[in-house]
Structure formats: structure tokens, C-alpha cells
Amino acid sequence: FPPASSQGPLPVVLGLICTFPGGEGYSGLNGIVSETEHKIMTDLPAELLEYILCFPVLKHVDICNVSCSCKRLHDVCHGRGKVWGHQYKLRWPRLQKHYRQNECCDWLKEYRTRHTVGLQIRRTVVSISKRFFTEVVLGDSFAEIESLGAPEHFCEDELLSILNSDRRKSLTLKYYAKKILYFLRQQNILRSLKMFLEQPAEQQSALEGAVLVDQYCNPLADVSLDGISSQLEEITDKVKKMLRMKNSSHPSLRVTQGWSELERNTCWNLERQVVVALNAVLYEQLQYKGNECDYYNPLNSYIHQVLLRRTGIPISLSVLYMTLARKLGVQLEPVNFPNHFLLRWCQHQRGSGDIYDFVYIDAFGKGKQLTAKECEYLIGHQVTADYYSAISTTEVLLRMVGNLLNIGKRGEGNEKSYQLLRDSLDLYLTINPDNVQYLLLQARLYFHLGIWPEKVLDILQHIQALDPSQHGAVGYLVQHTLEHIQHKKHPVEPEVKRRSAPEHVEVQYSVGLIMKHKRSGYNCVIYGWDPKCTMSQEWITTMRVHQLSSGANQPFYNVLVQDGTCRYAAQENLEPHSAPLEIAHPEVGRYFSEFHDSHYVANEELQTRYPEDMAETLGTFCMSNNENAKKDT
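All residue numbers refer to positions counted from 1 along the written sequence of the respective chain. Reporting of local features is limited, given that this is a predicted model, to residues whose pLDDT is at least 70; pairs of side-chain atoms are given and counted only at 80 or more, and all residues count toward the totals for whole chains, interfaces and linings. By convention in this description, side-chain values take in all heavy atoms of the structure and omit both hydrogens and water.

Caption draft 1: Here's a closer look at the nonpolar core. Membership of the largest hydrophobic core comes to 125 residues, with the highest contact counts inside it found for I235, Y288, Y321 and L332. What counts as a helix is a DSSP run of H or I of at least four residues, what counts as a strand is a run of E of at least two, and both are numbered from the N terminus. Ranked by the residues each element gives to this core, the list is headed by helix 9 (residues 171-197), at twelve residues. Every residue pair with non-hydrogen atoms within 4.5 Å of one another is taken to be in contact. In this view, Y288 contacts I235, L282, Y283, V306, L307, R310, T311, L317 and L320; residues no more than four positions away in its chain are not counted. Residues F133, V507, Y522 and L560 belong to the second largest nonpolar core, which totals 31 residues. Grouping buried Ala, Val, Leu, Ile, Met, Phe, Trp, Tyr and Cys residues that are joined through side-chain atoms within 4.5 Å yields what is termed a nonpolar core. Each residue is assigned to one of three classes by its accessible area relative to the maximum for its type, calculated with a 1.4 Å probe on protein chains only: buried under 20%, partly exposed between the two thresholds, exposed over 50%.

Caption draft 2: The arrangement of the sheet that holds strand 5 (residues 358-362) in detail. One open sheet accounts for four strands, arranged 3-4-5-6; its pairing is antiparallel. Two strands close off the open sheet at either side, each with one partner strand: strand 3 (333-335) and strand 6 (368-370). Strand-to-strand twist in this sheet, taken as the mean axis angle between neighbours without regard to direction, amounts to 40 degrees. Here helix 13 (residues 268-285) sits on the sheet and contacts strand 4 (342-346) and strand 6; the angle it forms with strand 4, its principal contact strand, is near 150 degrees. Strand pairing is assigned whenever DSSP detects at least two bridges linking the two strands. The axes used here are C-alpha line fits, helices contributing only the stretch in contact, and every angle between their N-to-C directions lies in the interval 0 to 180 degrees.

Caption draft 3: The sheet that holds strand 10 (residues 566-570), seen in detail. The strand order 10-9-8-7-11 describes an open sheet built from five strands, whose pairing is antiparallel. The open sheet has two edge strands with one neighbour each: strand 10 and strand 11 (574-576). Strand-to-strand twist of the sheet, defined as the mean angle between neighbouring strand axes without regard to direction, takes the value 50 degrees. Of the pairings in the sheet, the one linking strand 8 (residues 523-530) to strand 9 (residues 556-561) comprises six bridges and is antiparallel in character. In the strand pairing of strand 9, V525 is matched with L560.

Caption draft 4: Just the pairing of strand 7 (residues 514-517), in detail. Relative to strand 8, strand 7 runs antiparallel, the two being bridged by three bridges. Across the sheet, residue K516 finds its bridge partner in strand 8, namely N523. For strand 7 and strand 11, the ladder comprises three bridges, and the chain directions are antiparallel. Each residue of the ladder has a partner; that of H517, found in strand 11, is L574.

Caption draft 5: Region of the structure containing the pairing of strand 13 (residues 599-602). In the sheet, strand 12 (residues 592-596) pairs with strand 13 via four bridges, with the strands oriented antiparallel. Bridge pairing in strand 13 places F592 opposite A602. The antiparallel pairing of strand 12 with strand 13 creates a hairpin that spans two residues between the two strands, and D597 there sits at a positive phi of about 65 degrees.

Caption draft 6: Up close: the packing of aromatic side chains. Centre distance within 6.5 Å is the pairing criterion for rings of Phe, Tyr and Trp, where only the six-membered ring of Trp is used; planes under 30 degrees apart are then read as stacked, over 60 as edge-to-face, and the remainder as tilted. Counted according to the given criterion, the structure contains 23 aromatic pairs. Centroid distance Y295 to Y296: 5.2 Å. Interplanar angle 75 degrees. Geometry classified as edge-to-face. Ring-pair connections join several aromatic residues into one group, and the members of that group are W84, Y88, W92, Y99, W107 and Y111. Geometrically, a charge over a ring is one whose NZ (Lys) or CZ (Arg) sits within 6 Å of the ring centre while staying within 35 degrees of the ring normal. Sitting over the ring of F358, R344 keeps its end group 3.8 Å from the ring centre.

Caption draft 7: Examining empty space enclosed by the protein more closely. Cavity and pocket criteria rest on a 1 Å grid covering protein atoms alone: a 1.4 Å probe that fits but cannot get out defines a cavity, protein on both sides within 12 Å along at least 5 of 7 lines defines an open pocket, and an atom within 4 Å of a point defines a lining residue. Grid points are joined across faces, edges and corners, and a volume is the space filled by probe spheres set on the points. Evaluated as defined, the whole model comprises two cavities of 30 Å³ or more. Considered as a void within the structure, the second largest cavity measures approximately 40 Å³ in volume. Lining the second largest cavity are E152, E156, L184, R185 and N188. Mapped onto the lining of the second largest cavity, the elements with two or more residues apiece are helix 8 (152-163) and helix 9. By residue number, the principal contributor to the lining of the second largest cavity is helix 9, which donates three residues. Basically, the charged four are Asp, Glu, Lys and Arg, the nonpolar ten are Ala, Val, Leu, Ile, Met, Phe, Trp, Tyr, Cys and Pro, and anything else, Gly included, counts as polar. In terms of residue class, the lining of the second largest cavity is made up of one nonpolar, one polar and three charged.

Caption draft 8: Region of interest: helix 13. To estimate how far a helix should extend, the number of its residues minus one is multiplied by 1.5 Å. An ideal rise of 1.5 Å per residue puts 26 Å on 18 residues; helix 13 measures up with 24 Å between its terminal C-alpha atoms. Residues of helix 13 that are buried include every one of L270, E271, Q273, V274, V275, A277, L278, N279, A280, V281, L282 and Y283, and no others. Backbone geometry just downstream of helix 13 places Q287 in the positive-phi region, at approximately 65 degrees.

Caption draft 9: Up close: the confidence of the model for the chain. The predictor attaches a confidence to each residue, called pLDDT, with possible values from 0 through 100. Of all residues in the chain, 88% have pLDDT values of 70 or greater, and the mean over the chain is 87. Counted against residues more than four places away or in other chains, residues 2-6, with its pLDDT under 50, gives seven contacts. Here residues 16-36 scores under 50 on pLDDT; set against residues more than four positions off or in separate chains, the count is 31 contacts.

Caption draft 10: Expanded view of the pattern of salt bridges. Any Lys or Arg side-chain nitrogen found within 4 Å of a carboxyl oxygen on Asp or Glu counts as a salt bridge. Within the structure shown, the criterion is met by 20 salt bridges. Residue D75 is joined to K71 by a salt bridge in which the shortest nitrogen-to-oxygen separation is 3.0 Å. One end of the pair is D75 and the other is K71, both in helix 4 (residues 71-78) and four residues apart, which spans about a single turn. D75 gets classed as partly exposed once you look at its relative accessible area, which sits at 37%. Overall, K71 belongs to the exposed group, its relative accessible area being 62%. Between K497 and D530 there is a salt bridge whose closest N-O contact spans 2.5 Å. Residue K497 is located in the loop between helix 21 (471-488) and strand 7, and its partner D530 is located in strand 8; the two are separated by 33 residues in the primary sequence. Using a relative accessible area of 9% as the deciding quantity, one classes K497 as buried.

Here is the structure:
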């Protein structure tokens with residue numbers, strides 16, 4: 001640890017503990033109280049010294065210096081571990097959940113390890129910013145975090161410390177820390193999913209599987225099986241309350257024994273009471289409904305969002321409905337019906353294979369009960385009996401992840417849609433690792449994004465082993481991936497744009513300025529510019545650039561917009577914002593290190609590309625302040 005400063009709380013605290021009754025004045029570390037009486041600080045009992053050294057004002061550097069002063073104090077600091085245990089808990093309170101109460105532990109060793117991991121994590125995050133600034137998606141950078149070999153909870157705690165620091169500062173550090181935390185949590189969730197899939201099919205819960213899918217796609221959200229289960233228990237209690245009013249002796253209301261064997265064999269009317277009460281609570285009282293207006297929103301597939309927004313798609317609402325019904329004693333089964341996921345409810349002897357022995361429940365349609373024939377009306381055509389069969393939990397998850405995959409493929413080609421596509425492919429191939437179609441899609445996606453070229457080669461080798469007929473597509477990707485690996489060994493120097501260059505004389509604005517679009521009204525921040533429009537002729541025509549007074553022959557600016565989009569705006573359409581404000585865009589930290597009241601400060605990587613812009617941004621800010629001061633006077 002670094003040496004303590006001579007200033008700070010340590011001299012004061014030690015001065016207090018060295019002044020004894022009967023002595024006079026302040027003594028130093030030597031314990032001298034007066035000319036006639038000598039008291040030694042180390043005469044104090046160890047418990048009292050530990051108590052004093054646990055004062056909140058003392059930091060780890062103070063404890064280090066105290067422990068070096070003599071053997072007695074060294075033994076007090078390191079003997080029972082109480083002093084370093086206190087320092088550890090004081091500095092990293094989030095980590096306490098990883099230790100049992102009163103656990104015997106080498107706290108100095110734990111402190112050193114956590115401190116060292118923190119330094120390593122910060123150095124790695126800073127280096128990632130420098131090396132991956134131009135990457136659309138970070139890929140193989142995360143291997144460095146794993147290679148540290150540090151305890152995962154230490155890594156996560158340091159990343160959270162970065163993210164929870166001053167909101168306006170260290171934006172670039174936070175940007176990459178967030179991405180690394182996203183990756184680390186996903187790796188943990190993937191391990192949990194693999195363990196879940198190894199369980200016997202009858203022990204797999206559709207709800208737990210749905211929560212794992214939700215967690216993997218939202219690793220930074222506070223989503224847990226316990227939290228989701230707790231919310232479902234609240235809904236179950238509401239259903240029981242309604243049941244109690246209709247049938248106070250209903251077996252679902254029993255705390256211990258539940259349904260008897262006789263009730264299970266003659267239970268159709270009792271089950272019907274549960275279903276009626278469940279529909280009343282879920283769709284009438286709580287107002288759950290199918291999201292017809294925004295069907296392809298991925299939030300509809302995440303179970304925590306379904307509970308929060310009380311809307312979803314057929315499969316997510318079916319998982320919710322089926323779980324609640326089973327809690328109340330009604331065994332519903334999932335049905336992989338095409339285009340519209342359903343549940344089935346047996347009306348006759350269990351184990352029947354006749355599709356007409358079941359009632360089909362449409363959780364998306366407010367729990368409406370359908371016959372086999374009426375199910376076909378939902379999709380507008382006939383289907384074979386196979387589509388009415390019950391499916392396993394694994395098949396439910398494949399259908400759920402398949403929906404997310406299709407949404408990702410329909411995306412706009414931005415980072416958000418690429419992330420959804422990557423996440424859903426990871427999940428699908430974890431559940432079904434030998435699906436050649438999706439393995440090829442994953443390889444093409446990674447190749448397109450320019451990430452993990454070595455992993456692309458591994459995927460292609462696996463595809464070739466599974467299906468040799470894919471040698472054409474595999475060979476093409478192998479060739480170009482090898483070229484990409486060679487290209488990465490010889491990186492191109494970044495283009496530098498200087499405002500003082502003659503060709504940039506018409507550029508009025510600079511990176512970091514908060515702007516307002518004159519026509520569309522959106523707020524944005526500039527993170528790049530071109531002296532002329534560099535987009536394709538097709539884009540220029542589509543965006544009607546020729547209708548502008550200066551057309552494409554004027555400076556254009558790359559801007560991050562408040563709504564989360566990135567746009568390319570003409571100079572004549574932009575003006576400095578009269579009341580600059582922070583831009584809540586997920587990519588702000590990629591380009592800027594902090595927000596400074598009226599503008600963003602470009603990070604080191606952006607300043608390398610626009611070396612003269614920060615001076616211009618500060619000049620614009622000062623000029624604006626002077627004009628406002630003149631108006632006030």
C-alpha cells in the first residue's frame with residue numbers, strides 16, 4: 001500500500017490514545033506524557049487498541065503505519081484480524097454478503113487481494129478504451145478480465161464502484177466498465193443455464209428457464225428467481241382470496257396437505273373454479289393483456305417486464321399463467337402451436353392422447369378457452385394433431401429464444417439489435433448446440449461485426465464436422481476471417497481532422513457542443529464532423545438533402561441524440577442549445593470523459609482525431625457566457 005500522508009486523522013487519534021489520566025498534554029508515538037511520568041501506549045489492552053484502531057476516520061494507510069511502529073501494534077493490527085476486517089467492511093460493504101457472519105478469515109490477505117484486483121480492473125478498463133475505440137462491438141477484449149484469474153465478486157465490485165462514482169465524470173471509464181460487467185454476468189448466467197439444462201426434464205421449471213433467459217438478455221437489471229417468485233406469490237394470494245369467497249373448503253386453500261387423491265381424480269369442477277378465479281384476478285383485477293400494439297418489442301419476452309408492464313406475448317403470458325395455475329393445483333401443459341403459443345387443460349383421464357380431450361387456453365387472449373377446432377381459427381389454417389401435443393421446458397425455451405432471435409434479425413442494424421441477436425444466438429446454441437443454421441448465422445454475425453475471429457474459425461470447424469455439405473459457405477468465411485486476422489495485425493492510423501486546415505474553414509461547430517436541431521427539435525451532442533456530406537447518393541436522395549439551401553456541399557455532423565439514436569445532421573439545421581443539458585445516450589461515454597456544465601469534454605481517443613476541437617468548444621462556451629452577461633447588463 002502507498003505510505004500515509006503526514007496530514008490526516010492518524011496523529012490526532014494516536015494523540016488521544018496516548019493521553020492517560022494523570023498525565024499532562026499530548027504525546028507522540030513514543031508515549032511520553034510529561035517530564036515526570038512516562039506511559040507507554042502499548043500498555044493498553046489489545047481489545048481497547050483494536051477498538052480505537054477501528055475508528056471510521058482511519059484509513060488503510062493509517063493502519064499500515066501504525067502496524068509498522070512496533071511489534072506490539074503490529075500484533076494488534078494483524079493478530080485476530082479484527083482491525084483489517086473492519087477496514088475491509090468499511091471500504092467494500094457490498095462484499096459482505098459473500099462471507100458468513102463471524103467467519104474466520106485472513107482479512108489482510110483479503111484486503112490486499114481486493115485492492116490489487118481493483119487496480120488491475122481499472123488499468124484494463126483504461127486500456128480497452130484506447131484499443132477498442134473504433135470497434136462497433138467489443139469482442140475479444142473481455143478475455144483479459146478472465147485471464148486475471150481474480151475472484152469474480154471482486155471484479156464485479158470494482159466495476160460497480162466505477163459505475164456508481166460521480167454521475168458526470170469518468171464517463172469513458174464507466175462506458176467500458178458497464179460492458180465488461182455485462183459480459184461477466186452473462187458468463188455466470190450461461191453457467192447456470194447449462195446446469196439447469198442438465199437437470200431431469202421433470203425437474204425443469206418453465207419459470208426458472210424464462211428467468212434465466214431474461215437475466216442473460218438483461219444482465220445489468222435486478223432480476224432474480226426469488227424476486228419473480230415473490231411477485232407470483234402475491235398474485236397467487238389474490239386468487240386464493242377470491243377462491244375463498246366462492247368455496248372456502250377448496251383444496252388449493254389448504255396450507256399443508258393440498259389436494260387429496262380423490263379430489264385429483266374427480267377434480268374438473270374444482271380446477272374450473274381455480275381457472276375462473278385466476279382469469280378474474282389476472283385479466284380483470286390486475287389488467288394483464290396481450291401486447292397487440294407493440295407485439296415485436298423484446299420487452300414482451302422478459303418475464304420481469306411482463307410483470308412490471310402487465311403485458312406480453314402468448315408464450316411469456318402462458319409461462320406466467322401456467323406457473324400460477326400449478327401453484328393452485330391445476331396442471332396445465334405448454335403447447336407449441338404455430339404462430340400462437342397455447343396451454344392445454346385435460347378434461348378427461350390424464351395421459352390421454354386425443355386432442356379433443358383437452359381445452360386449450362389462450363393466455364394472450366385473456367384466458368379464453370378454446371376447442372381444438374377453434375385453435376385453428378386463431379391462425380387461419382388447419383394443422384396436424386402433432387401441433388396440439390405438450391412440449392418440454394427445453395422446447396418452451398427454444399421457442400422463447402427463437403422469438404427474440406427473430407426480433408434481433410428484424411432490427412435496424414444498430415448496436416442494440418446486434419446485441420439482442422448475439423444474446424439470443426448464445427442462448428439458442430447453449431440449448432441446442434448443434435443447430436447448423438444458427439451456428440452459421442453466429443459465424444456470419446461475428447464476421448460482420450469483426451469480432452472474435454478465432455472463435456469464428458472454431459464455429460466454422462464445428463459446422464464442417466456436423467454438415468460437410470456447408471463447405472462452400474464455410475470455406476468463404478474461413479478465407480475472409482484469416483484475412484481479417486492478418487489485417488488486425490497491421491492497424492490503420494486514425495484520420496486526424498484539424499480545424500485549421502483550409503478545407504475545413506466552413507466548419508462552425510466542434511465536438512462536445514450541445515446542439516438543437518432547428519427542424520426536428522431534438523437535442524444532441526456533436527461527436528464528429530465532415531467538411532462535406534460523405535454519405536452515399538442513395539442516402540442523400542432518401543433524406544432529401546438536395547432540398548437544403550446548401551445541399552450536400554456543407555459540413556455535416558455526427559450527433560448522439562437524446563432519444564438514443566445516432567444521426568448525421570447538416571450544419572444549417574443545427575444551432576447551439578440555449579440551455580445546454582446532458583444527453584442521455586448510451587454511447588456518450590465512448591466519446592466523452594465528462595459533462596462540464598455546458599458541454600462534453602472529449603476523451604483522449606476523440607481528441608486524437610479532432611485535436612483542435614476542445615479549444616474551439618471552450619471558446620464557444622466563453623463567448624456564449626459573455627453574450628449572456630451583456631444581455632443581463
